[in-house]
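Results of the structural survey
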Amino acid sequence: MNIIFSLHLYMRSFFLFIIFIGFEAVAQQTDVPSLHHNANFHIGTSVRFVPFSKDTLAQKIQQHHFNSYTAGSDMKMYQITPKPGVYHWSRVDSIVDYAVKNNQRLFGHNLIWHSSTPKWVEKKAKKNPEWLDGFMKEYISTYVGRYKGIVDGWDVVNEGLNTKGQGLRTESIWFKSLGKKYIEKAFIYAHAADPDAILFYNDFNIERDSLKLDSMLEMVYDFLDRGVPISGIGFQMHIRMDIPNEIIARSLKKAADTGLQIHLSEVDIIFNTHDDSKGGGIQLYDHLTKEMKFAQAQKYADLVNMYQDIVPKEQQYGITFWGFNDRDTWIRRFFKMNDWPTIYDDNLLPKPAFFGFLNALKI
Ligand code: 9MR
């Protein structure tokens, strides 16, 4: 398979090169083929609704390329229930209107995540750990129930595993209060509220950290054995140029072997590196050269090829970018470093990365 795979990639890079020469000079924001019209699976992006709803150019591009919408933060717990007993639905309702109007699948990100748990919930759970189970049940039932049949799938639990290596994230308030059972309970509550929703476990670095991947798979197989209603695995896929394709391919294969839906849920590709912590960027490259742009195009193409070749069609839930342009990327804000991880540039023009991705799509 390796030789055939490499030959296939080699041929693609040749065609890509020809296409760049033709397109780079003329490409306008939406004067390029639509990604989702050229794909067999959903193509999505995360969106921050507040700046986005006033940004007509970003909307035009988003409507042109994407048929799946993920909220970057607007649907997280700290937005939904900032105070005890209070639910803020109005922004989610506006997002639903936007997605429906533009024929986009709405993906729910996320229900339970240690990082988006409001302070008041943490405080209460510290005093009374058992309270958290009832709260979780009510939160998930109310939220998933309200958008039943509207939100297509949910990241039910996000980043429940340790940042690196084996095991669960034991310092999370959810684990501390309820033990490892909180994960399956979240799936059970979500399934009860909307039996048709596709329910994902979502995490980062599982494409490259084999110990972390194996911990996740152990959990997934245990859930499948015991009938816990999990239906998908989300690979966030925040990758770096130097993460070997062979490692990513092996991880995708292992996950696809579960038979579950596979979502590349937060895709971007950086050149620099970081230590996974806020402000932890390490600036290796401070400007983007033509060679780097083309290498990134190839990496985007490789990713699409691996997804299409390894994940069976009926398990391809889709590919979602974590923001579609370098101007708005979370990478710069979060890691405090410059980088160019996405498919559109700072001026909202398509990059070679865009053409790499597009050209690799098969219909
Ligand atoms: O990109 C998101 C950023 O705008 C938010 O401030 C942050 C906290 O809610 O979350 C970011 O998105 C994260 C996602 O929800 C989970 N995986 C990692 C993403 C980047 O930090």
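The sections below set out a description of the structure shown in this document. What you see is a predicted model; the values in this text were computed from it and never measured. Counting restarts for each chain: residues are numbered from 1 in the order of the written sequence. In keeping with the model being predicted, local features are shown solely for residues with a pLDDT of at least 70 and side-chain atom pairs are shown and tallied solely at 80 or more, while totals for entire chains, interfaces and linings include all residues. Water and hydrogen atoms play no part in the side-chain values, which are based on all heavy atoms of the structure.

**Description of the overall build of the protein**
- Helix and strand labels come from DSSP, where a helix needs a run of H or I of at least four residues and a strand needs a run of E of at least two; each type is numbered from the N terminus. Looking only at helices and strands, the protein features 14 helices and eleven strands.
- Against the 2.2 N^0.38 benchmark of 21 Å for 363 residues, the protein shows a C-alpha radius of gyration of 20 Å, consistent with a compact globule.
- Taking the principal axes of its C-alpha atoms as reference, the protein extends roughly 60 × 45 × 40 Å.
- Across the 363 residues of the protein, 57% fall into the buried class.
- Any two residues having at least one pair of non-hydrogen atoms within 4.5 Å are treated as being in contact. A separation of at least 24 residues holds for 78% of the contacts in the protein among residues at least 6 apart in sequence. When we talk radius of gyration, it's over C-alpha atoms, and the globule rule is simply 2.2 Å times the number of residues to the 0.38. Think of it in three bands: with a 1.4 Å probe and only protein chains considered, a residue is buried below 20% of the maximum accessible area for its type, exposed above 50%, and partly exposed in between.

**Regarding the site of the ligand**
- Around the ligand, the structure places 14 residues, and the nearest of them are Lys76, Tyr78, His109, Glu266 and Trp322.
- A distance of 3.2 Å separates a nitrogen atom of the ligand from a polar atom in the side chain of Gln236.
- Considered on its own, the ligand offers 460 Å² of accessible surface; in the complex 80% of this is hidden by protein.
- Every element with two or more residues in the shell around the ligand is listed here: strand 3 (105-113) and helix 13 (330-335).
- Here the residues of the shell around the ligand are counted per class, giving four nonpolar, six polar and four charged. Each residue is tested against the molecule or strand, and it is near if at least one of its non-hydrogen atoms lies within 4 Å. Any pair of N or O atoms that falls within 3.5 Å is considered a polar contact. Within protein, one atom must be able to donate a hydrogen and the other to accept it, and sequence-neighbouring residues count only if both atoms are side-chain atoms. For every accessible area listed, the method is Shrake-Rupley and the probe measures 1.4 Å; residues are considered covered only by the protein chains on display. For this scheme, ten residues count as nonpolar: Ala, Val, Leu, Ile, Met, Phe, Trp, Tyr, Cys and Pro. Four count as charged, namely Asp, Glu, Lys and Arg, and the remainder, Gly too, count as polar.

**Description of the pattern of salt bridges**
- Whenever Lys or Arg places a side-chain nitrogen within 4 Å of a carboxyl oxygen from Asp or Glu, that contact is recorded as a salt bridge. Tallied over the full model, the rule gives 17 salt bridges.
- For Arg327, the salt bridge is made with Asp55, and the minimal N-O distance between the two is 2.7 Å. With Arg327 in the loop between strand 11 (316-321) and helix 13 and Asp55 in the loop between helix 2 (49-52) and helix 3 (56-65), the pair connects residues that are 272 residues apart, well separated along the chain.
- Of the residues examined, Arg327 reaches a relative accessible area of 37% and is grouped as partly exposed.
- Here Glu171 makes a salt bridge to Arg169, at a shortest N to O gap of 3.6 Å.
- The exposure class of Glu171 is partly exposed, given its relative accessible area of 48%.

**Describing helix 6 (residues 119-127)**
- Along helix 6, the residues that are buried comprise Trp120, Val121, Glu122 and Ala125.
- The secondary structure elements touched by the buried residues of helix 6 are helix 7 (131-146) and helix 8 (173-178).

**Some points on the pairing of strand 4 (residues 151-158)**
- Of all eight residues making up strand 4, seven are buried, and the element is well covered by its neighbours.
- Here, any two strands with at least 2 DSSP bridges between them count as paired. Where strand 3 meets strand 4, six bridges bridge the pair, whose relative direction is parallel. Following the sheet pairing, Ile112 is matched in strand 4 by Val157.
- Note: strand 4 against strand 5 (residues 198-203), five bridges, orientation parallel. In the strand pairing of strand 5, Asn158 is matched with Asn202.

**Details of the side chain of Glu184**
- In this fold, Glu184 is placed in helix 9 (residues 181-193).
- Beyond its immediate chain neighbours, meaning those up to four positions away, Glu184 contacts Phe223, Arg226 and Val228.

**Digging into the environment of Ala71**
- Looking at where Ala71 falls in the secondary structure, it is placed in strand 2 (residues 68-71).
- Using a relative accessible area of 0% as the deciding quantity, one classes Ala71 as buried.
- Sequence separation between Ala71 and Ser46 is 25 residues; the distance between their C-alpha atoms is 5.3 Å.
- With residues up to four places along the chain from it excluded, the contact list for Ala71 reads Val47, Ile95, Phe107, His109 and Trp322.

**With respect to the packing of aromatic side chains**
- Each pair of aromatic rings taken from Phe, Tyr and Trp, with Trp reduced to its six-membered ring, is defined by centres within 6.5 Å and is described as stacked if the planes are under 30 degrees apart, edge-to-face if over 60, and tilted in the remaining cases. Counting across every chain of the model gives 31 aromatic pairs.
- Aromatic side chains Trp330 and Phe335 sit 5.2 Å apart centroid to centroid with 55° between the ring planes, which places their arrangement in the tilted category.
- Pairing Phe354 with Phe355 gives two aromatic rings, centres 5.0 Å apart and planes at 80°, and the pair type is edge-to-face. Comparing Phe354 with Phe355, the two get one shared label, buried.
- Grouped by ring-pair contacts, the aromatic residues Tyr87, Trp89, Trp120, Trp131, Phe135, Tyr139, Tyr143, Tyr147 and Trp154 constitute a single cluster.
- Look at NZ for Lys and CZ for Arg. If either is within 6 Å of the ring centre and within 35 degrees of the ring normal, a charge sits over the ring. Cation over ring: Arg105 sits above Tyr317, and NZ or CZ is 3.7 Å from the ring centre.
- One cation-aromatic arrangement involves Lys212 over Phe204; the distance from NZ or CZ to the ring centre is 3.7 Å.

**A short note on helix 7**
- For helix 7, which comprises 16 residues, the first-to-last C-alpha distance of 22 Å matches the rise-based estimate of 22 Å (1.5 Å per residue) to within 8%.
- Listing the buried residues of helix 7 in full gives Leu132, Asp133, Phe135, Met136, Tyr139, Ile140, Tyr143 and Val144. Viewed end-on, helix 7 has its buried residues packed into an arc of 160°, placing them on one side of the element. Multiplying one less than the number of residues by 1.5 Å gives the expected span of a helix. Along the arc lie the directions from the helix axis toward the C-beta atoms.

**So, unusual backbone geometry**
- With omega at -10°, the peptide bond leading from His109 into Asn110 counts as cis.
- Note on placement: Asn110 falls in strand 3.
- The phi angle at Leu348 is positive, at roughly 60°, despite the residue not being glycine.
- Take Leu348: it is sitting in the loop between helix 13 and helix 14 (352-360).
- Of the residues examined, Leu348 reaches a relative accessible area of 2% and is grouped as buried.

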